[in-house]
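Results of the structural survey
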Amino acid sequence: MAEAPERKVLAPTAAQTTAENPWPLQMLSQKLKAHIEKAPATWVEAQVIELNKRANVSYLTLRDIDAEVSLSVTVWGSVLSRLEAPLERGSRVVAQLKPDFWIKTGRLSMQGMDIRPVGLGDLLARIEKLRQALAAEGLFDPRRKKPLPLLPHRIGLITGRNSDAMKDVLRNASLRWPAVEFEVREVAVQGVNAVSGVIAALEELDHDPRVDVIVIARGGGSLEDLLPFSHESLVRAVAAAKTPVVSAIGHEADRPLLDEVADLRASTPTDAAKRIVPDVGEELQRLGQARTQLNRRIRELLERETERLAYLRTRPVLANPHVMLHSRTDDVAALSSRALTAVRTQVGRHTDQLVHLRAQVRALSPQKTLDRGYAVVQLEDRSIVRSPAQVFNGTPLKVRVAGGDFTAQGSGPIATHEVAPTAVATTDLATTLTEDQT
């Protein structure tokens, strides 16, 4: 009996397979299917760009809202039958997708387990929620908005390719101010590439030092078409721009968030052109009016000052200037007389004081005492004799009287004579001198 061939032991995992011990293709497919079936169903938001119905099955192509990413989805008729309105191309939907792997063909497909259209109410609710969040951050604060230049030399314009909005802005701005220049960036203003295109153009113009103001323009549209202008990335890019940004979307019913964050909101592209540059005709008219007012004010000033000069000339002081000098001459003469009288009075008063003081000094002078007959007796050392005891017989003396002085000799003390203390020396000596001379 022949032996059965030895059964090959396969590697338990894909990482353990080798060229000598490979997996059968069927096993790989089964492993992939088992792994993919473990993935949970996922809700995604996208836009329907293709829709093909075949019997009870519909084949959809969904594209990401903000990126060039698409995916094929298979939806059974029972799922679509639950919708209130038929699904159409361009619809924005949220779908619950689950991956499915076909073993026979090795094809991965996505099964649509559920699908729901996103209504306008849902979109508006999302925009309002984002509006409140960005407002809380201060992105819509009027204090952070930058003023527009008075007269921009070069305007950056972001708009659709060959759009009416671009033509309106260029035409109206040039009509108002022919010298204005533009730096135009034509980008997609709706669809999946709109947000990235507008942001790239904004950053390029913002870094151009020649651009004084940037205008983002679009000629209105449905709410779905304007969704890119409420995208958070675009709103933050406008808030971060250093150059003033003007929003000119032209949609009055539902204002996109770009209107809130822009430094100026214009109702239409035409309105943006009118508000960015002044009208040359109006400015010339204003200059004419200002020149007329200036000339009138100058004439009024000259007339008023001429009248004042004429009035001043009629005043007496200017009609006869000598009158003012004469009146001041009288004042000077009166003041001089008063000053002279005051000085004379002071001199007379001080002269009387000097005479009085001189009389007092003379009354106290020793010469006055001598004139009354008194004498001063001095010894050789010029000391005054104040007591008879100071004089002895033969003591040389010097006697001074009113008419002069002379010498004498003492005859000795006279003890028996007493005189008043204040005149002892002078009285006794005078008596002695008189007796000696006799």
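Residues numbered from 1 in each chain as written. Predicted model: local features only at pLDDT ≥ 70, side-chain atom pairs only at ≥ 80, totals over all residues. Heavy atoms only, no water.

1. Remarks on the overall build of the chain
Assigned secondary structure in the chain consists of 13 helices and 13 strands. Taking 438 residues into account, the globule formula puts the C-alpha radius of gyration at 22 Å, and the chain, at 64 Å, lies well above it. Across its three principal axes, the chain shows a C-alpha extent of roughly 210 × 95 × 40 Å. Scored against the burial criterion, the 438 residues of the chain give a buried share of 32%. Once local pairs closer than 6 in sequence are excluded, the contacts in the chain between residues at least 24 apart make up 59%. With the model as given, the accessible surface of the chain reaches about 28700 Å², and the carbon-plus-sulfur share is 56%. Charged side chains in the chain number 57 positive and 54 negative. The centres of these two groups are separated by 3 Å. (Helix = DSSP H or I, 4+ residues; strand = E, 2+ residues; numbered from the N terminus. Rg over C-alpha atoms; globule rule 2.2 N^0.38 Å. Buried < 20%, exposed > 50% of the residue type's maximum accessible area, 1.4 Å probe, protein only. Contact = heavy atoms within 4.5 Å. Areas by Shrake-Rupley, 256 points an atom, 1.4 Å probe, with all protein chains shown as cover. Lys, Arg positive; Asp, Glu negative; His and termini not counted. Charge placed at Lys NZ, Arg CZ, Asp CG, Glu CD.)

2. Let's talk about the packing of helix H4 (residues 164-176) against helix H8 (residues 269-276)
One way to put it is that H4 packs onto H8 with a least axis distance of 8 Å and a crossing angle of 30°. The pairing of H4 with H8 is recorded here as roughly parallel in orientation. Crossing hand, H4 versus H8: right-handed. Two secondary-structure elements touch here, H4 through Ala165, Asp168, Val169, Asn172, Ala173 and Arg176 and H8 through Pro269, Thr270, Ala273 and Lys274. Considering only residue class, the contact of H4 with H8 consists of five nonpolar, two polar and three charged. (Axes fitted to C-alpha atoms, helices over the stretch in contact; angles between N-to-C directions. Parallel < 35°, antiparallel > 145°, perpendicular 65-115°, else oblique. Left-handed = near helix turned anticlockwise from the far one by under 90°. Nonpolar A, V, L, I, M, F, W, Y, C, P; charged D, E, K, R; others polar.)

3. Observations regarding the sheet that holds strand E13 (residues 404-411)
What the three strands build is an open sheet, ordered E11-E12-E13; its pairing is antiparallel. Pairing within the sheet leaves two strands with one partner each, and these edge strands are strand E11 (376-378) and E13. On average, each strand axis in the sheet is tilted by 30° relative to the strand beside it, whichever way the strands run. As defined by bridge partners, strand E12 (residues 393-401) adjoins E13 across seven bridges and the pair is classed as antiparallel. Paired with Asn393 across the bridge in E13 is Ser411. (Pairing = 2+ DSSP bridges.)

4. Brief notes about a positive patch on the surface
Together, Arg358, Arg362, Lys368 and Arg372 make up a positively charged patch on the protein surface. Residue placement: Arg362 occurs in helix H11 (residues 322-363). The class of Arg362 is exposed, set by a relative accessible area of 51%. (Patch = residues over 30% accessible without salt bridge, like charges linked within 9 Å, V, L, I, M, F, W, Y side chains within 5 Å. Salt bridge = Lys/Arg side-chain N within 4 Å of Asp/Glu carboxyl O.)

5. Describing the sheet that holds strand E10 (residues 264-265)
Judged by pairing direction, the sheet is parallel, and its five strands sit side by side in the order E7-E6-E8-E9-E10 without closing on themselves. Each edge of the open sheet carries a strand with a single partner, namely strand E7 (181-186) and E10. When strand E8 (residues 213-217) meets strand E9 (residues 245-248), the two strands line up parallel, connected through four bridges. Its bridge partner being in E9, Ile214 is matched across the sheet by Val245.

6. Here we look at the confidence of the model for the chain
Overall, the prediction assigns the chain a mean pLDDT of 83, with 91% of residues at 70 or greater. In the predicted structure, residues 414-438 sits below a pLDDT of 50 and forms 23 contacts with residues beyond four places in sequence or in another chain. (pLDDT = per-residue confidence, 0-100.)

7. A short note on helix H9 (residues 280-314)
Here H9 is 35 residues long and its end C-alpha atoms lie 51 Å apart, about the 51 Å a rise of 1.5 Å per residue gives. For H9, the capping residue at the N-terminal end is Asp279, with a side-chain oxygen 3.0 Å from the backbone nitrogen of Gly281. (Expected span 1.5 Å × (residues − 1). Polar contact = N/O pair within 3.5 Å; in protein donor to acceptor, adjacent residues only side chain to side chain.)

8. Comments concerning the pattern of salt bridges
The final tally for this structure, using the stated rule, is 25 salt bridges. The closest approach of N and O atoms between Glu183 and Arg185, which form a salt bridge, is 3.3 Å. As far as the burial class goes, Glu183 and Arg185 line up, both buried. Residue Arg265 is joined to Asp259 by a salt bridge in which the shortest nitrogen-to-oxygen separation is 3.0 Å. Look at Arg265 and you get partly exposed, because its relative accessible area is 21%. Exposure remark for Asp259: the relative accessible area of 5% places this residue in the buried category. Here the salt bridges share partners, and the residues they tie into one network are Arg154, Glu181, Glu183, Arg185, Glu204, Asp208 and Arg210.

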